[in-house]
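Residues per chain are reported as follows:
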Amino acid sequence: LSMKDSTRSISRFIKSFISVPKIKNKDLVKISINTYEPDLATNILKKVINELEETLKQNKKSRTSAKKVFINERISRVFSKLTDEENSLKIFRDKNRNIFSSPSLMLEQARLMREVELQTQVYITLKTQLEMIQIEENESSRIMEILDPPEMPILQKSPKPQELIIFALLLGAFVGS
């Protein structure tokens, strides 16, 4: 068998034991495992839950890291633009000491001040988002909540020995007659 065929075979084998039926409420997932050994089913289900939780943690971590990189890059660009706008306002004020006598100079100063204020607000927002992401990174809360942990079944679901004996007796009586 090739590697691809063996992977498919293992996948089919696992799918024959594990079932994840669709539930109307999409936030809930029910996982069932059917094996002849109840201990095996419980242990497999515990491992599946642990792996699922680890996978979700890794996905969250990678999304958070990508956001953090983007925000850090954006902060540096916005800070640079904010510095440029502040310098433009400073230069304007240095060149135009008596702006109150000219409405056009007052308008130009108001425009420059608005741009500085806008860049300041964007910078503050980005810094706030960065803090939120850093808090989220250090958060140790569980990603998923397990409502019913895996437990060993009390009654055997299949094969049922009584049904097999009755079926065998009826089949034997039918064949015998």
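For the structure, check the block above.
Here the structure is a predicted model, which is why all the values come from computation and not from measurement.

Conventions adopted
Residues numbered from 1 in each chain as written. Predicted model: local features only at pLDDT ≥ 70, side-chain atom pairs only at ≥ 80, totals over all residues. Heavy atoms only, no water. Helix = DSSP H or I, 4+ residues; strand = E, 2+ residues; numbered from the N terminus. Contact = heavy atoms within 4.5 Å. Salt bridge = Lys/Arg side-chain N within 4 Å of Asp/Glu carboxyl O. Buried < 20%, exposed > 50% of the residue type's maximum accessible area, 1.4 Å probe, protein only.

**Observations concerning the side chain of Gln119**
In step 1: Inspection of the secondary structure assignment puts Gln119 in helix H3 (residues 103–138).
In step 2: Residue contacts for Gln119: discarding those within four places in its chain leaves Val78, Lys81, Leu82 and Glu85.

**A look at the pattern of salt bridges**
Here the idea is simple: oppositely charged side chains can pair when their charged atoms come close.
In step 1: This structure, assessed with the given rule, holds four salt bridges.
In step 2: As a salt-bridge pair, Glu137 and Lys68 come within 3.2 Å of each other at their nearest N and O atoms. Highlighted residues: Glu137 in helix H3 and Lys68 in helix H2 (residues 38–95), separated in sequence by 69 residues.
In step 3: Relative accessible area serves as the criterion here: at 24%, Lys68 is assigned to the partly exposed category.
In step 4: Taking the shortest distance from any N to any O, the salt bridge between Asp94 and Lys90 comes out at 4.0 Å. Pair noted here: Asp94 and Lys90 are both in helix H2, with a separation of four residues, about one helical turn.
In step 5: Of the residues examined, Asp94 reaches a relative accessible area of 40% and is grouped as partly exposed.
In step 6: One salt-bridge network, held together by shared partners, links Lys90, Asp94 and Arg97.

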